[in-house]
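Structural overview
So the chains spell out like this:
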Amino acid sequence: GENVEQHPSTLSVQEGDSAVIKCTYSDSASNYFPWYKQELGKGPQLIIDIRSNVGEKKDQRIAVTLNKTAKHFSLHITETQPEDSAVYFCAASRGDNFNKFYFGSGTKLNVKP
Amino acid sequence: EAQVTQNPRYLITVTGKKLTVTCSQNMNHEYMSWYRQDPGLGLRQIYYSMNVEVTDKGDVPEGYKVSRKEKRNFPLILESPSPNQTSLYFCASSLTSGSRMETQYFGPGTRLLVL
């Protein structure tokens with residue numbers, strides 16, 4: 001099956017700086033890559049996703065890039081704010097068996113004011 | 001309000017005592033799924049359902065059962081819980097458009113402790 005690896009496991013940045021979280025996947029047939037934010041005591045919430053026919057997608061301060069050749073995708077958060085502090089998860093899913101999802105192990109982001 | 005609800009939110013039980021965690025969504029979503037979250041392992045998919053009466057195994061289905069008799073409900077059943085099933089459980093639901101997955105909405109989680 002698919003194997004998704006996520007780095008780093010913890011990330012501490014100063015408010016206003018950028019944060020980058022990287023994920024790699026093993027199954028070249030994966031074609032849907034969502035990113036989730038999980039705040040303490042809550043369920044994960046989708047913040048952005050990308051499909052394999054797109055190389056980059058932006059939504060305000062958040063962007064995701066996908067390199068299908070290298071099988072990796074990254075989350076970029078610019079101008080970080082304290083409310084960005086949370087655990088972030090990447091995930092991958094296949095088109096022909098898209099209903100299975102494989103998650104990374106998570107990155108705890110701490111934005112220091 | 002569009003939401004996924006889970007009950008109970010917290011549960012302490014003993015080995016071997018059957019339990020059910022309920023999940024309900026009010027968004028008319030076809031797709032529903034159960035995950036468990038353990039420290040350092042992220043979320044792992046247990047079972048999922050494409051629609052009523054259609055279910056399939058995820059990555060870690062051993063020791064769990066599910067059913068999908070109605071579109072809105074997707075209960076998770078532990079017939080004989082064991083301590084290694086102590087975990088935080090999430091239910092999720094999503095619209096699907098053919099083979100295209102749309103936004104997956106997660107419930108608030110159920111924290112289970114099996115003694």
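Structure first, text after, so check above.
Here's a quick rundown of the structure. (Residues numbered from 1 in each chain as written. Chains lettered and ligands numbered in written order. Predicted model: local features only at pLDDT ≥ 70, side-chain atom pairs only at ≥ 80, totals over all residues. Heavy atoms only, no water.)

Looking at the pairing of strand 7 (residues 62-67) of chain A
Residues and elements named next belong to chain A. When strand 6 (residues 56-59) meets strand 7, the two strands line up antiparallel, connected through four bridges. Across the sheet, E56 pairs through a bridge with T65, a residue of strand 7. Connecting the antiparallel pair strand 6 and strand 7 is a turn made up of two residues, with Q60 showing a positive phi of about 60°. With antiparallel pairing between neighbouring strands as the criterion, strand 7 and strand 8 (residues 72-77) make up a hairpin whose turn holds four residues, including K71 at a positive phi of roughly 55°. (Pairing = 2+ DSSP bridges. Helix = DSSP H or I, 4+ residues; strand = E, 2+ residues; numbered from the N terminus.)

Side note on the interface of chain A and chain B
Contacts between the two partners involve 20 residues from chain A, matched on the other side by 26 residues from chain B. Taking both sides of the interface into account, the surface hidden between chain A and chain B amounts to around 1800 Å²; carbon and sulfur atoms contribute 57%. If you look at where chain A meets chain B, you find zero salt bridges. At the junction of chain A and chain B, the tally comes to three residue pairs in polar contact (both at pLDDT 80 or more). Those elements that provide at least two residues to the side of chain A that touches chain B are strand 4 (30-38), strand 5 (45-51) and strand 10 (101-103) of chain A. Residue classes in the side of chain A that touches chain B are distributed as nine nonpolar, eight polar and three charged. (Contact = heavy atoms within 4.5 Å. Buried area = accessible area lost by both parts, 1.4 Å probe. Salt bridge = Lys/Arg side-chain N within 4 Å of Asp/Glu carboxyl O. Polar contact = N/O pair within 3.5 Å; in protein donor to acceptor, adjacent residues only side chain to side chain. Nonpolar A, V, L, I, M, F, W, Y, C, P; charged D, E, K, R; others polar.)

Digging into unusual backbone geometry
Cis geometry marks the peptide bond from H7(A) to P8(A); its omega dihedral reads -5°. Cis geometry is adopted by the peptide bond preceding P8(B), which originates at N7(B) and carries an omega value of -5°. Of note, P8(B) is situated in the loop between strand 1 (4-7) and strand 2 (10-13).

Structural notes on the pattern of salt bridges
Residue and element names in this part refer to chain A. All chains considered together, the criterion is met by nine salt bridges over all chains. A salt bridge links D27 to R94, with the nearest nitrogen and oxygen atoms 2.8 Å apart. One end of the pair, D27, is in the loop between strand 3 (19-25) and strand 4; the other, R94, is in strand 9 (residues 86-94), and 67 residues separate them in sequence. As a salt-bridge pair, E39 and K42 come within 3.6 Å of each other at their nearest N and O atoms. Take E39: its relative accessible area is 31%, and that puts it in the partly exposed class. Taken together, the shared-partner salt bridges connect K37, E39 and K42 into one network. (Buried < 20%, exposed > 50% of the residue type's maximum accessible area, 1.4 Å probe, protein only.)

Let's talk about the nonpolar core
The biggest cluster of nonpolar side chains holds 23 residues, and the ones touching the most others in it are V4(A), F33(A), W35(A), F73(A), L75(A), Y88(A) and L109(A). If we ignore the near neighbours within four places in the chain, the residues touching F33(A) are Y25(A), I48(A), D49(A), I50(A), L66(A), F73(A), A91(A) and A92(A). In this structure, L19(B), L76(B), Y89(B) and L112(B) belong to the second largest nonpolar core, which totals 19 residues. (Core = buried A, V, L, I, M, F, W, Y, C linked by side-chain atoms within 4.5 Å.)

Comments concerning the state of the cysteines
All names here are of chain B. Taken as a whole, this structure holds two disulfides over all chains when the rule is applied. The disulfide that involves C23 links it to C91, with 1.8 Å between the sulfurs. With the S-S dihedral at roughly -75°, the linkage between C23 and C91 falls on the left-handed side. In this pair, C23 is assigned in strand 3 (residues 19-25) and C91 in strand 9 (residues 87-97), connecting sequence segments 68 residues apart. Owing to a relative accessible area of 3%, C23 belongs among the buried residues under this scheme. A relative accessible area of 0% places C91 in the buried class. (Disulfide = S-S within 2.5 Å.)

A closer look at the environment of N67(A)
All names here are of chain A. The topology assignment puts N67 in strand 7. Put simply, N67 and V54 are 13 residues apart on the chain and 9.4 Å apart in space, counted from C-alpha to C-alpha. N67 has contacts with Y25 and H72, leaving out every residue within four places of it along the chain. A polar side-chain atom of N67 sits 3.1 Å from the main-chain amide nitrogen of T69. A polar contact is formed between the side chain of N67 and the backbone nitrogen of A70, at a distance of 2.9 Å.

A few points about a nonpolar patch on the surface
All names here are of chain B. Among the surface-exposed residues, I12, V14, L113 and L115 lie close enough to one another that they form a single nonpolar patch of about 380 Å² accessible area. Structurally, I12 can be placed in strand 2. Accessibility expressed as a relative area gives 61% for I12, which makes it exposed. (Patch = residues over 30% accessible without salt bridge, like charges linked within 9 Å, V, L, I, M, F, W, Y side chains within 5 Å. Areas by Shrake-Rupley, 256 points an atom, 1.4 Å probe, with all protein chains shown as cover.)

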